[in-house]
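# Summary of structural features
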Amino acid sequence: MSDQSLHHLSLVQLRAHLASQQISATEVAHHFLQRAQADTHHAFLAFHEEATLAQAAAAQQRLDAGDSSPLLGLPIAHKDIFVTRDFPTTAGSRILENYRSPFDATVVQRLADAGMVTIGKLSCDEFAMGSANENIAVPSAKPEAVTNPWDVSRIPGGSSGGSAAAVAARLVPAATGTDTGGSIRQPAAFCGITGIKPTYGRASRYGMVAFASSLDQAGPMARSAEDCALLLSALCGPDPDRDSTSLNVATEDFSRLLQAPQGDQPLATAGKDGGALKIGMPKEFFGDGLAADVRAALDAALKQLEQLGAHVVPIQLPRTELSIPVYYIIAPAEASSNLSRFDGVKFGHRAKDFTDLADMYQKTRSEGFGSEVKRRIMIGSYVLSHGYYDAYYLQAQKIRRMIADDFQTAFEHCDVIAGPVAPTVAWKLGDKSNNPLANYLADIFTLPASLAGLPGMSLPVGLGEAGLPVGMQLIGNYLTEAQLLNVAHQFQLHTPHHLKTPGGVA
Amino acid sequence: MSLTSNDIQRLAQLSRLHFDAPASERLRDQLNDFFKVVEQMRAVDTRDVVPMAHPIDAMRHFSSHDPSASEGMHLRLRDDVVSENNQRETNQRSAPAVERGLFLVPKVIE
């Protein structure tokens, strides 16, 4: 096995090489550390070589003892929104300068227990607030925007932009991400990789730096649905003592449906009661706002799914457009409350000069938070304030219910919903950085599923304008991740899109 | 209705944030742009709609036909017992100012 091609292998393939002793976990860790440390996309924020190699050595011992766990010895990197004992955690913010967590996030712990080896921590928008990974204010001397491996003049998407760029540039075969309004699905689409946000409550939020607690959800990002299924099985599970919102449903093997009927028309029997899989195509997702190149790639993908035996049926999600104001009221409201803990007392940054306690709070927070985070705190303070609560926050929560109900009506007519992840391919760095509203509007297709708490994923379906990747979003009903992953897997068994590597990535 | 500079000052005070004059004006304009998009919410008839604070609430409703699935879908409280070890030193490691195990803040009582 030549070292040179290790980073082009999937998790499943890498695991087979470890099992057949063609290579050791330590050699794998060295290879990816070396690539990650030479990264030119600014995807990584922190390394701790000693910790990484210690994990690799421990994994090798388990391998030597015959342990057959599917993720044992495989490398991963974590979005810097998950707290970690061995690495600093900044959430991309100055306010967490020099913060060291006394514990590991449950998701990090679960993947470590599965034997995965942490390569480092990945850049993200500050407190996961952003769609371009441009809202970064990390404490490093020169915070640099993460670039898209397909075109370094473009954004990688966000907020899990470091995760998506690192997987696309083959710096790691897998990464964790978090998704509040699309932060796994959109960067996965923009970087041509596969990512899934499970049903709200599947993955523990313990140790995930909180942004909007009724929306935040962790999930895996990798190159294929097959790899994502393995990762999702390991990272989900009840955490009853530490996260009161974690669902008390049994741990699932999300790979279990992937072996399902092979052959020419695997989706002809993948629907309800063994019938053809019905794919709902919401007309609101295919309107004027959708760029022609994205539309063309999606049309071709839907045709491909029909060839695999699926039926495409028209459905409606009539309140799609309302999801923008609803989300951008609810998420900032929750954020303004969650971020009140950053006050310069118990952890993180504290301003140097101040006159009294109130002044210390104000200066600390004004120095520590970046402009997008401040903007959202201000929106949150406004919509929760006396006299505005009913008109904004309560009204948004009521429409949120209507959006969730719309999905249940739609699922009476279909098994899964397919549509775009974003209206366009990745835009140029700086294009929308001075226009927060333009960023918010581009989230239109990912927000509805987030508000409802439904599982959603993104998979690459071809290239659009300027040779940039286009992602297709699949949305399932609650707890149907295994089915979503199977649809994506069958698609990937018959198409090459997920195997494409950005030019320049050797 | 749009936000004025005074509103921005009041919200900044509530948020424990400070904006200088140019930043404050920029923010006022950005928030006013945003609240134009919010206006479309007003036209929605939400009489008799129960506010949805949390997705788990919607999931319970969805799985009500399957009692075994809805069992795990609720927000719970754990028993009120001590479950963590005392890790005061580790927990205070990232605090800006600590003395004898206490967090230091500026004097609040004259």
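Since this is a predicted model, take the numbers as computed values, not measurements.

### Description of the overall build of chain A
Looking only at helices and strands, chain A has 15 helices and eleven strands in total. For a compact globule of 506 residues, the expected C-alpha radius of gyration is about 23 Å, and chain A comes in at 22 Å, within 12% of that figure. Expressed as lengths along the three principal axes of its C-alpha atoms, the size of chain A is roughly 75 × 55 × 45 Å. Out of the 506 residues in chain A, the part that is buried amounts to 62%. Across chain A, contacts joining residues at least 24 apart in sequence account for 77% of those joining residues at least 6 apart.

### Some remarks on the pairing of strand β10 (residues 456–463) of chain A
All names here are of chain A. Counting buried positions along β10 gives seven out of eight residues, so the element sits mostly inside the fold. Bridge count for strand β5 (residues 194–197) against β10 is three bridges, and the pairing is antiparallel. Bridge pairing in β10 links Gly195 to Ser458. Pairing of β10 with strand β11 (residues 469–476), which is carried by six bridges, proceeds in the antiparallel orientation. What sits directly across from Leu459, in β11, is Met472. Hairpin connection, β10 to β11: the antiparallel pair is bridged by five residues, and Ala466 has positive phi, about 60°.

### Focus: the confidence of the model for chain B
This prediction gives chain B a mean pLDDT of 89; 90% of its residues lie at or above 70. As scored by the predictor, the complex reaches a pTM of 0.96 and an ipTM of 0.93.

### Focus on the nonpolar core
Grouped together as the largest cluster of nonpolar side chains are 174 residues, with contacts concentrated most on Ala166, Val167, Val172 and Ile329 of chain A. It is helix α9 (residues 323–338) of chain A that provides the largest number of residues to this core, a total of nine residues.

### Structural notes on the interface of chain B and chain A
Taken residue by residue, the interface counts 48 residues in chain B and 60 residues in chain A. Counting residues per element, the ones that place at least two in the side of chain B that touches chain A are α1 (5–14), α2 (21–38), α3 (55–62) and α5 (88–92) of chain B. Among the elements that take part in the side of chain B that touches chain A, α2 of chain B stands out by supplying seven residues, more than any other. Split by residue class, the side of chain B that touches chain A holds 30 nonpolar, 13 polar and five charged.

### So, unusual backbone geometry
All names here are of chain A. Note the cis peptide between Gly158 and Ser159, where omega equals 5°. Phi angles above zero are rare outside glycine, and Gln21 is one such case at about 60°. Along the chain, the position of Gln21 falls in the loop between α1 (11–19) and α2 (25–37). The residue Asn98 is not glycine, and still its phi comes out positive at about 60°. Note that Asn98 resides in the loop between β2 (75–79) and α4 (106–113).

### Let's talk about the pairing of β2 of chain A
Residues and elements named next belong to chain A. Buried residues dominate β2, accounting for five of its five residues. Judged from the four bridges that link them, β2 and strand β3 (residues 117–122) form a sheet pairing that is parallel. Across the sheet, the residue bridging to Lys79 is Leu122, located in β3. Assessed by its sense of winding, the connection that carries the chain from β2 through α4 to β3 is right-handed.

Each value, and the rule that gives it
- Residues numbered from 1 in each chain as written.
- Chains lettered and ligands numbered in written order.
- Predicted model: local features only at pLDDT ≥ 70, side-chain atom pairs only at ≥ 80, totals over all residues.
- Helix = DSSP H or I, 4+ residues; strand = E, 2+ residues; numbered from the N terminus.
- Rg over C-alpha atoms; globule rule 2.2 N^0.38 Å.
- Buried ≥ 20, exposed ≤ 12 C-beta atoms within 10 Å, placed from the backbone.
- Contact = placed C-beta atoms within 7 Å.
- Pairing = 2+ DSSP bridges.
- pLDDT = per-residue confidence, 0-100.
- Core = buried A, V, L, I, M, F, W, Y, C linked by C-beta atoms within 7 Å.
- Nonpolar A, V, L, I, M, F, W, Y, C, P; charged D, E, K, R; others polar.
- Right-handed = clockwise from strand over helix to strand, strands pointing away.

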